[in-house]
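Structural characterization, general
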Amino acid sequence: MVMKTERENCATILFSRLRKGQAFKIAFVFIALLLTNISPMSAALKGDKFVIDGVSYQVIDETNMYVCALGIDYSNTKSEVDIPQTVTNKDEKFTVTQFGGSWEENYQVKVIKLPSTVTTINSMAISGNNSLTDFYIPSSVTTINKDFGSVATHFPKFHVEGSNFYADANGVLYSADKTVLYAVPSSATVTDGKYTFPDGVKSILSEVIAGMSGLTTIGIPASLEYIASGAFTNSNNNIAAVNVDVGNTHFSVADNGALIKLNASGNGADTLVYYPKNHAGETFTVPDNVTVLLPNCIAYNSNVTTVNLNKTITTATGALTSLHNLTTLGISASVTKLDGFTSDCPKISAYNIDEGNTVYESKDGIVFTKDGKTLVLYPPARPDTVYTVPEGT
């Protein structure tokens, strides 16, 4: 049984007491009143995308009519883009509350200004805008994704309103207390090939440097405690060396040029953070006290032909990335995790695993689990035209 609402019951009683003509008039008024209480439904759905005036948008909340400005679309022809507070698409008005989150390539834009309705800057916020010189952040922004500069090859100068974040006179972007560094403009001054992060910075986020002309050396201050994986491994960098202040107790540089995080896991063992892209030498051996390799810690170095993991225990996914001349990879007995640790290393013809390894074994340069049931790594440059997986694998 369908229960009538109080309003419907009143209407029924009223109709029964009135002449037919009067009932018709009141019914008409009653229906009109009901319709005024029905809210119009938006035709937009979460995830819908559209482009207006050279800016790409995506619906992120169809109830509140919020959109994210994903980035500057390839169709844009303006050198300066002021993202509006609201946009109208198909007669529906949306408020812009976020910026970034998608690769959007445009070489025309030089200046981007965010509106006061934006509260969040997402990952890949400025990726693909290689001509960008200035980026304006309003006081309404309370969150900047730690990967907002991901896959960018160029950073603009940053300008900040309010007190949630801070940009210095050179356009370097920091947290409000200047302890977290988000990005360094590609136009930043390089002295004798070196850029040193300001003392007082405690944390450096992912891909903070990209495309700084003449940069060959990075200076690490005494205050620095944390460096995100991939902070310096942008393919557009040409870093050959890292210098660590003698007062820093968290990082050191090994004899072979590798940047090491000391006692990273709290058990006395170290972590490999970064091996410079342009460091000379064909052979790289992971330093003795290092047991963990971070993502992209050895990347884009065209000089390296041989890597020995030495006493490494754990390798992150993509630890070795875009080593286009790497042919020989030595995997020691201590290694316990290999899944996906190489990426875009097309010349590897064989993986050599120490016989003492209890987790993996190598058969003709192909990596299997020790019980032979799982094929883990197949060399990309192996000359086979056909390979038959062993029975039982």
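This text goes with the structure placed above it.
My aim in this report is to walk through the structure given alongside it, one point at a time. In this convention, every chain numbers its residues from 1, walking through the sequence in written order. Residue-level local features of this predicted model are given only where pLDDT is at least 70; pairs of side-chain atoms are given and counted only at 80 or more, and the full residue set underlies all totals for whole chains, interfaces and linings. Side-chain numbers come from the whole structure's heavy atoms, not from hydrogens or water.

Some thoughts on the packing of aromatic side chains
Test applied: Between rings of Phe, Tyr and Trp, where Trp is taken as its six-membered ring, a pair exists when centres lie within 6.5 Å; planes separated by under 30 degrees are stacked, by over 60 edge-to-face, and by other angles tilted. Strands are runs of DSSP state E lasting at least 2 residues, helices are runs of H or I lasting at least 4, and numbering of each runs from the N terminus. Whether a residue is buried, partly exposed or exposed follows from its accessible area with a 1.4 Å probe, protein chains only, as a fraction of its type maximum: under 20%, in between, or over 50%, in that order. Cation placement over rings: the criterion is NZ of Lys or CZ of Arg within 6 Å of the ring centroid and within 35° of the ring normal.
Across all of its chains, the model carries 13 aromatic pairs by this definition. Judged by centre distance (5.7 Å) and plane angle (40 degrees), the ring pair of Phe-50 and Phe-94 falls under tilted. Separated by 44 residues along the polypeptide, Phe-50 in strand S1 (residues 49–52) and Phe-94 in strand S6 (residues 92–99) bring together distant segments of the chain. Accessibility expressed as a relative area gives 9% for Phe-50, which makes it buried. With a relative accessible area of 1%, Phe-94 lands in the buried category. A centroid spacing of 5.8 Å and a plane angle of 80 degrees characterise the contact between Phe-165 and Tyr-182, whose relative ring orientation is edge-to-face. With Phe-165 in strand S12 (residues 165–167) and Tyr-182 in strand S14 (residues 180–183), the pair connects residues that are 17 residues apart, well separated along the chain. Note on Phe-165: relative accessible area 8%, which makes it buried. Sitting over the face of the ring of Tyr-166, Lys-178 holds its NZ or CZ atom 4.9 Å from the ring centroid.

Here we look at the layout of surface pockets
Empty space among the atoms can be located by rolling a probe the size of a water molecule over them. Applied cut-off: Here a cavity is any set of points on a 1 Å grid over the protein atoms alone where a 1.4 Å probe fits but cannot get out, and a pocket is any open set with protein on both sides within 12 Å along at least 5 of 7 lines; a residue lines the site when it has an atom within 4 Å of a point. Grid points are joined across faces, edges and corners, and a volume is the space filled by probe spheres set on the points. Asp, Glu, Lys and Arg are counted as charged, while Ala, Val, Leu, Ile, Met, Phe, Trp, Tyr, Cys and Pro are counted as nonpolar; the rest, among them Gly, fall into the polar class.
Taken as a whole, the largest pocket encloses approximately 280 Å³ of empty space. For the lining of the largest pocket, the per-class residue count stands at 5 nonpolar, 10 polar and 3 charged.

Comments concerning the environment of Glu-355
In this structure, Glu-355 sits in the loop between strand S31 (350–353) and strand S32 (360–363). Classification of Glu-355 as exposed rests on a relative accessible area of 76%. It is 6.9 Å that separates the C-alpha atoms of Glu-355 and Ala-333, two residues lying 22 residues apart in sequence.

Remarks on the sheet that holds strand S17 (residues 217–220)
Inclusion rule: For two strands to count as paired, DSSP must find a minimum of two bridges between them. To obtain each axis, a line is fitted to C-alpha atoms, and for helices this fit is confined to the stretch in contact; angles are then taken between N-to-C directions over 0 to 180 degrees.
Ordered in space as S15-S17-S19, the 3 strands form an open sheet in which the pairing is parallel. Of all strands in the sheet, those bounded by a partner on one side alone are strand S15 (194–196) and strand S19 (241–244). Between one strand axis and the next, the sheet turns through 20 degrees on average, direction left out of account. Direction of pairing for S15 relative to S17: parallel, over a ladder of 3 bridges.

As for the sheet that holds strand S4 (residues 80–82)
Think of a sheet as strands paired side by side through backbone hydrogen bonds, with each pair either parallel or antiparallel. Taken in spatial order, the 4 strands of this open sheet run S4-S7-S9-S11, and their pairing is parallel. Lying at the two open borders of the sheet, with one neighbouring strand each, are S4 and strand S11 (157–160). Across the sheet, the axes of successive neighbouring strands diverge by a mean angle of 10 degrees, strand direction being ignored. Both strand S9 (residues 134–137) and S11 contribute to a ladder of 4 bridges, which runs parallel. Along S11, the bridge assignment pairs Ile-137 with Val-160.

Re unusual backbone geometry
The residue Asp-192 is not glycine, and still its phi comes out positive at about 50 degrees. Mapped onto the fold, Asp-192 is located in the loop between S14 and S15. In this structure, Glu-207 is a non-glycine residue whose phi angle is positive, near 50 degrees. Inspection of the secondary structure puts Glu-207 in the loop between strand S16 (203–204) and S17.

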